[in-house]
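As a plain string of letters, each chain reads:
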Amino acid sequence: MFLLNQTKKAQRDKFFDMTHGEEGGPSDRPLIVQFCANDPEQLLASAKAVEDHCDAVDLNLGCPQEIARSGHYGSFLQDEWDLIYKLINTLHVNLKVPVTAKFRVFPTVEKTVAYARMLESAGAQILTCHGRIREQRGQNTGLADWSKIRAVKDAVSVPVFANGNILYHSDIERCLTETGADAVMSAEGQLYNPALFARASCEGRVFDEGAHLPHAELALEYLEIVQNLKTKTTMSAVKGHLFKLMRPALSRETDLRDQLSKISGPDAVERYVEVVEEMKRRMDRDAKEAEGKTAEELISVEPVTGMKVLPHWLAQPYFRPSGYASQLSQAPSKRPQAEYCPPGKDDDIKRPKLEQAVATTLVA
């Protein structure tokens, strides 16, 4: 899509805005640009357009959504190993920046390891392993399998990032210990709590070793960023972020939820600000009423998931329970577990090394 609109500047800028110089600019580094693709040459042309504006290019092999099925990309390429090898290797051989890949595991450890080794042999410089199988999505999300990430880490020589089950800051160290991964990645978790990787302040009540800031304050900070950037953000994306950030309170403050859902038009951001400011007033009121109570008194436990629930004025994780996911993880694999041998693989191709500074920053 990015490539097909290369002659339509305004349309292309919706995907990667080169006009204003903010995306990929000095304040937006390190930056890895992710593509979904099923055509090696088209992928290369698109990646060439951004390689001077990023530190690496990533291939999305993990998306399990229906749009990925209909578009034939993401995790729905999982059984086309020759094509995946060519997609990665084409970038690896022809780009000035490294190529990385994010993928989902298979039902068996053996097939997952063989898949990861294939991605490494194609030229991927970092592998981000999402410990869920393709069918684990939506209400069937369930838990990620860290043991498969550990198996991948033990089988390859490139850095491995672990993805899945990072809900609280305390999960980070546990994940690194159990998987042996070089770093952890969080996607959806940070949409609900952007401070997921920050440690809690020693001041005031501490609900977890990580930071759980007032979500209305985070929402206002986000809207200020949207207003100050020259790069345009689609209003549907802004609305989606606000619903996730303020989710703990929107089920209570239903009038604000309804107002938020109906906002549209050229003055949408200003109206979002008004709703969030009212949310902040209500959350400040509730927090004040809870003064004098300890953190333990304010924490409850969700009966289905067993997760701790923090006060509704704080940003916190959201987890979809599922009894189906564990059954899926035991499903038999239909693909042979043989080691992948790409046709015409050139072992003499020298693989560029990812800049240590970039890797260090990503791990941090």
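Small disclaimer: the values here were computed from a predicted structure and weren't measured.

Definitions and cut-offs
- Residues numbered from 1 in each chain as written.
- Predicted model: local features only at pLDDT ≥ 70, side-chain atom pairs only at ≥ 80, totals over all residues.
- Heavy atoms only, no water.
- Core = buried A, V, L, I, M, F, W, Y, C linked by side-chain atoms within 4.5 Å.
- Buried < 20%, exposed > 50% of the residue type's maximum accessible area, 1.4 Å probe, protein only.
- Helix = DSSP H or I, 4+ residues; strand = E, 2+ residues; numbered from the N terminus.
- Contact = heavy atoms within 4.5 Å.
- 1 Å grid on protein atoms, 1.4 Å probe; cavity = no way out; pocket = protein on both sides within 12 Å on 5 of 7 lines; lining within 4 Å.
- Points joined across faces, edges and corners; volume = space filled by probe spheres on them.
- Nonpolar A, V, L, I, M, F, W, Y, C, P; charged D, E, K, R; others polar.
- Salt bridge = Lys/Arg side-chain N within 4 Å of Asp/Glu carboxyl O.

Would you take a moment to explain the nonpolar core for this structure?
Counting 51 residues, the largest nonpolar core has Leu-61, Ile-88, Phe-103, Tyr-115, Leu-119 and Leu-127 as the members making the most contacts within it. Of the residues forming this core, the biggest block, seven residues, is contributed by helix α4 (residues 81-94). The contacts of Tyr-115, once residues within four sequence positions are left out, are Leu-61, Gln-78, Trp-81, Ile-84, Phe-103, Arg-104 and Phe-106. Within the second largest apolar cluster, 31 residues are counted, among which are Tyr-222, Val-276, Ala-295 and Leu-314.

I would appreciate a short explanation of the layout of surface pockets in the present structure.
Empty space among the atoms becomes visible once a probe the size of a water molecule is rolled across them. A volume near 830 Å³ is recorded for the second largest pocket. Taken together, 34 residues make up the lining of the second largest pocket; nearest its centre are Arg-104, His-130, Arg-132, Thr-141 and Glu-188. When contributions to the lining of the second largest pocket are tallied by element, the ones reaching two or more residues are β3 (99-104), α7 (170-179) and α8 (188-192). With three residues, α8 is the largest single contributor of residues to the lining of the second largest pocket. Here the lining of the second largest pocket is composed, by residue class, of 12 nonpolar, 14 polar and eight charged.

What am I meant to see in the pattern of salt bridges here?
Oppositely charged side chains are able to pair whenever their charged atoms sit close together. Tallying each qualifying case throughout the model produces 21 salt bridges. Its salt-bridge partner being Asp-52, residue Lys-96 comes within 2.6 Å of it at the nearest N-O pair. You can see Lys-96 sitting in the loop between α4 and β3 and its partner Asp-52 sitting in the loop between α2 (40-50) and β2 (56-61), a full 44 residues away along the chain. Three or more residues joined by partner-sharing salt bridges are found here, namely Glu-253, Asp-255, Glu-278, Arg-281, Arg-282, Arg-285 and Asp-286.

What's the story with the environment of Glu-221 in this structure? I'm lost.
Examined against the element boundaries, Glu-221 turns out to sit in helix α9 (residues 215-228). Judged by its relative accessible area of 46%, Glu-221 is partly exposed. When the C-alpha atoms of Glu-221 and Val-273 are compared, they prove to be 9.9 Å apart, with 52 residues separating the residues in sequence.

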